[in-house]
Each structure stands twice: as C-alpha cells, then as structure tokens.
Amino acid sequence: MVTRAMALGCGAALPRRLVTNADLAERVDTSDDWIRKRTGITQRYIADADELTSVLGQRAAQAALDMAGVPADSVDLIVCATSTPDETFPSTATRIQAGLGSTRGAAFDVQAVCSGFVYALSLADNFIRVGQARSALVIGAETFSRILDWEDRGTCVLFGDGAGALYLEGREGEGTTEDRGVISTHLYSDGRFHDALYVDGGPSSTKTVGHLRMEGREVFRHAVVRMSEAVDTALEVNGLTPADIDWLVPHQANRRIIEAMGKRLNLPDERVVVTVDKHANTSAASIPLALCEAVDDGRIQPGDMILMEAMGGGFTWGSALLRW
Ligand code: UT7
C-alpha cells in the first residue's frame, strides 16, 4: 500500500498595494509597453512595511487550512519556501507556525529561490510517503520588493510580493497514476550558474541584505531547456504523455517562457494557468498563487492532472505532478 500526499486545501495572500507598470514608469526609465511586450506583466502587488513574508505566508496557510477544514495544531510539518525570510533566523516557517497558534510538529524553511515551492512540495511529499508526517503545510512566501535594486530597470519591474499555500494529508492509495495526490517530484541544481541570478549580500559574505542581480538573457536561455528536461522526465517515469496533462501551472517569470512551455507540451492556451500578468514574478509564491487561483475559479477540478515546473537562482529547477 502506497501512502500518497493528497492536496486538500490551498490558499493565497497578496499585499494591499497594487503597483501598475505606469506607476513604475514614474520612478524608473521604463514603459508599460516595454514591460508588457517583454514579460506579459501589467501590474504587481508590493508589500507595505507591516506585510512581512511571514504575515503573507500565515494568511495563505490559514486559508489553505480553512479550505481543508482542519485546525492548525493538527499539522505535523510546515515547510516554507522563501528567499526573503523575515530575519536571517529563526525560520519564517516557525513564525508562521506561531502565528497560526500551533506548537506541535516541525517547521523550517527551504531556500531554492523560484524553484522553492517545487522543492518544498517534494520534501513534504517524501515526509508523508515515509510516514514521518501525516499532514503538511507547504508554503511559498516572498517579499522580493525588499531585495530589489529600484535603480535597476532590468530587474525591478519584474517582481512582486505574495504567498500561496497547499495543505497535504497522507492517504493510502493503490500506487497508480489514477490516484489523487502528489504523483512525483523531480529536483535539479547546478551551482556553476551562481552569477546569472543571485543576491549580492548575506550575513556571511557582506553582512548586508543585498540586492537581486540577474543576467536576464542568460536565465531566459536556460529556462525553457532546463524546465523541459524536468517535465519530460516527470512524464516519462510515470508513463504519461502531454495529452494526460489537464493543467500546466508553471512558475510565473515571463509570459514568453510560459507560452514556450505550453507549446512544447502542445497544450491549448486555456489549459495553461497564467498569473504573471497580475502578480509579476513572486518567486517561490508564484506556483501556489496560480494554483489557488485556478482552484478558486473552478478551472481545476478533482481528478485533474496538474504539471508544475520552475527554475530559479542557483540554478535550481524541477517539476511536480499532482492529481487534484
Ligand atoms: O524567476 C527566475 C527566473 N527568471 C527568469 O526566468 C527571467 C528570464 N529572463 C527574462 O524574462 C528576460 O530576459 C527579461 C524580461 C529579464 C529581459 O527581456 P529581454 O528580452 O531578454 O531584454 P534584454 O535584457 O535583452 O534587454 C533588451 C533591451 C536593452 O536595451 P538595449 O541594450 O537593447 O538598448 C535593455 O537595456 O531592453 C532594455 N531594458 C529595458 N527597457 C525598458 C531592460 N529593462 C528595461 C525596462 N524598460 N524595464
């Protein structure tokens, strides 16, 4: 008998303040037209001082618990994927745990930048599969606005803040792809690409928080290739073809990358969940935010096969298959 991590709830949280491309064009040398054409982004949400990563993460986590109808103190594991923690330590996950009013189980952060949610999902799935946890909250929460160089038009227009969460619970299935829950996850990294996407600060190197630095074209060049490899592996090991995928819920960095992935899988546009236009790139939060939107508006239905993929700093990348 195989234990499978079923997704029973999801939740989303966005900051109060909406910032349009036109708003940004008043601060930096950019235009609505450039941002739309190159990225598909039209607006993003930017966190105010009181909207910490943990605050957004807690709101998303609570919404996921509410949807599942379970109390916070029943959760065995809280994994928060973030590259913008409230503090260097303790983890943002422990702050969320306290905020939710829970004192049991284990809570910790995972840092894999934009692939963070897929990494956290993989960890939680494995905890549940081996029986070390029965239930888990997987959260992606970010306030990238805090690490942006607002003088650098090449990066500051691309990112937004937000959080999304998924509640998972172990259930015994038959171990076939017909079962609901997390089917598989595949994770990869290659640290040689550090310089293409990194933050030029940190407690051990510069004692400052630092700013995000990105060679956009270099990242773009690798993104489709790497994510395609991860997706092909996910399909192959499960004996699936693109025709078995109901929804592509990709990391939301750039509409052109998302469309290229959709085309490669031969998926019609309406089967690809896109939120980059409204949220911009929210790093580890982008997949759960997109997933939650498509669940909330009724697009994703029980039994649907969802393919997730992401790539981020490191480089890190990966894919996950989940039957809702
Ligand atoms: O989530 C982690 C993964 N991250 C990604 O997947 C991001 C991947 N990369 C990208 O999405 C794209 O490379 C960007 C959106 C970052 C940039 O698009 P691009 O088509 O690669 O543009 P570029 O960097 O080659 O810049 C083209 C031009 C340059 O001007 P010149 O040299 O041609 O005169 C830039 O200076 O656009 C200029 N530019 C801007 N113009 C107006 C760069 N940023 C801006 C801006 N507004 N904000």
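Residues numbered from 1 in each chain as written. Predicted model: local features only at pLDDT ≥ 70, side-chain atom pairs only at ≥ 80, totals over all residues. Heavy atoms only, no water.

## Side note on the pattern of salt bridges
Step number 1: This structure, assessed with the given rule, holds 22 salt bridges.
Step number 2: The residue Arg16 makes a salt bridge to Asp50 at a minimum N-O spacing of 2.6 Å. Of this pair, Arg16 sits in the loop between β1 (2-13) and β2 (17-20) while Asp50 sits in the loop between β3 (43-46) and α3 (53-68); the two residues are 34 residues apart in sequence, bridging distant segments of the chain.
Step number 3: Its salt-bridge partner being Glu293, residue Lys278 comes within 2.8 Å of it at the nearest N-O pair. Of this pair, Lys278 sits in helix α9 (residues 276-279) while Glu293 sits in helix α10 (residues 286-296); the two residues are 15 residues apart in sequence, bridging distant segments of the chain.
Step number 4: One network of salt bridges, in which partners are shared, links Arg16, Arg17, Asp48, Asp50 and Glu51. (Salt bridge = Lys/Arg side-chain N within 4 Å of Asp/Glu carboxyl O. Helix = DSSP H or I, 4+ residues; strand = E, 2+ residues; numbered from the N terminus.)

## Quick look at the packing of aromatic side chains
Step number 1: Counting across every chain of the model gives 4 aromatic pairs.
Step number 2: Seen in terms of ring centroids, Phe193 and Phe315 are 4.8 Å apart; in terms of plane orientation they differ by 10 degrees. Their pairing is stacked. With Phe193 in the loop between β8 (181-189) and β9 (197-199) and Phe315 in the loop between β12 (305-312) and β13 (316-323), the pair connects residues that are 122 residues apart, well separated along the chain. Pair check on accessibility: Phe193 and Phe315 agree, each one buried.
Step number 3: Directly above the ring of Trp150 sits Arg27, whose terminal nitrogen or CZ lies 4.7 Å from the centroid. (Phe/Tyr/Trp six-rings, centres within 6.5 Å; stacked < 30°, edge-to-face > 60°. Buried < 20%, exposed > 50% of the residue type's maximum accessible area, 1.4 Å probe, protein only. Lys NZ or Arg CZ within 6 Å of the ring centre and 35° of its normal.)

## Examining the packing of α3 against helix α4 (residues 92-100)
Step number 1: Between α3 and α4, the shortest axis-to-axis distance is 9 Å and the interhelical angle comes to 55 degrees. With respect to α4, the axis of α3 lies oblique. Between α3 and α4 lies a crossing whose hand is right-handed. On the side of α3, the interface is formed by Thr53, Ser54, Gly57, Gln58, Ala61, Gln62 and Leu65, while α4 contributes Thr92, Arg95, Ile96, Gly99 and Leu100.
Step number 2: Residues that form the contact of α3 with α4 fall into these classes: 4 nonpolar, 7 polar and 1 charged. (Axes fitted to C-alpha atoms, helices over the stretch in contact; angles between N-to-C directions. Parallel < 35°, antiparallel > 145°, perpendicular 65-115°, else oblique. Left-handed = near helix turned anticlockwise from the far one by under 90°. Contact = heavy atoms within 4.5 Å. Nonpolar A, V, L, I, M, F, W, Y, C, P; charged D, E, K, R; others polar.)

## What about the site of the ligand?
Step number 1: Taken together, 23 residues surround the ligand, and among them Thr30, Arg153, Arg217, Asn254 and Asn281 come closest.
Step number 2: Separating an oxygen atom of the ligand from a side-chain N or O atom of Arg38 is a distance of 2.9 Å.
Step number 3: In isolation the ligand exposes 950 Å². Once the protein is present, 75% of that is buried.
Step number 4: Of all the secondary structure elements, the ones that give two or more residues to the shell around the ligand are α2 (32-39), α6 (153-156), α7 (216-237) and α8 (255-264).
Step number 5: Ranked by the residues each element gives to the shell around the ligand, the list is headed by α7, at 4 residues.
Step number 6: When residues of the shell around the ligand are assigned to domains, at least three fall in each of domain 1 (2-173) and domain 2 (181-323). (Near = heavy atom within 4 Å. Polar contact = N/O pair within 3.5 Å; in protein donor to acceptor, adjacent residues only side chain to side chain. Areas by Shrake-Rupley, 256 points an atom, 1.4 Å probe, with all protein chains shown as cover. Domains from an automatic or database assignment.)

## Observations regarding the side chain of Ser102
Step number 1: Mapping Ser102 onto the fold places it in the loop between α4 and β5 (106-110).
Step number 2: Polar side-chain contacts of Ser102 include one of 3.4 Å to the backbone nitrogen of Arg104.
Step number 3: Excluding anything up to four places from it in sequence, Ser102 contacts Ala72, Asp73 and Gln97.

## Overview of the domain arrangement of the protein
Step number 1: Assigned domains of the protein: these are domain 1 (2-173) and domain 2 (181-323).
Step number 2: When each unit is reduced to the centre of its C-alpha atoms, the spacing between domain 1 and domain 2 is 14 Å.
Step number 3: Domain 1 puts 52 residues into the contact, and the matching count from domain 2 is 47 residues.
Step number 4: Our count for the domain 1 to domain 2 interface comes out at 1 salt bridge.
Step number 5: The partner of Asp149 in a salt bridge is Arg213, with the nearest N and O atoms 2.9 Å apart.
Step number 6: Counting the contacts that link domain 1 with domain 2 gives 23 residue pairs in polar contact (both at pLDDT 80 or more).
Step number 7: Listing elements by their share of the side of domain 1 that touches domain 2, those giving two or more residues are β1, α2, β3, α5 (116-130), β6 (135-143) and β7 (161-173).

## Some points on unusual backbone geometry
With the exception of glycine, most residues fall at negative phi, and the peptide bonds are largely trans.
Step number 1: Cis peptide bonds are those with omega within 30 degrees of zero, and the linkage from Phe89 to Pro90 qualifies with 0 degrees.
Step number 2: Take Pro90: it is sitting in the loop between β4 (77-81) and α4.
Step number 3: The omega torsion across Gly314 and Phe315 is -10 degrees, close enough to zero to call that bond cis.
Step number 4: Of note in this structure, Asn266 is not a glycine but carries a positive phi near 65 degrees.
Step number 5: Along the chain, Asn266 falls in the loop between α8 and α9.
Step number 6: What makes Asn266 exposed here is its relative accessible area of 69%.
Step number 7: Positioned with a positive phi, Ala280 is a non-glycine residue whose angle comes to about 60 degrees.
Step number 8: For Ala280, a relative accessible area of 0% puts it in the buried group.

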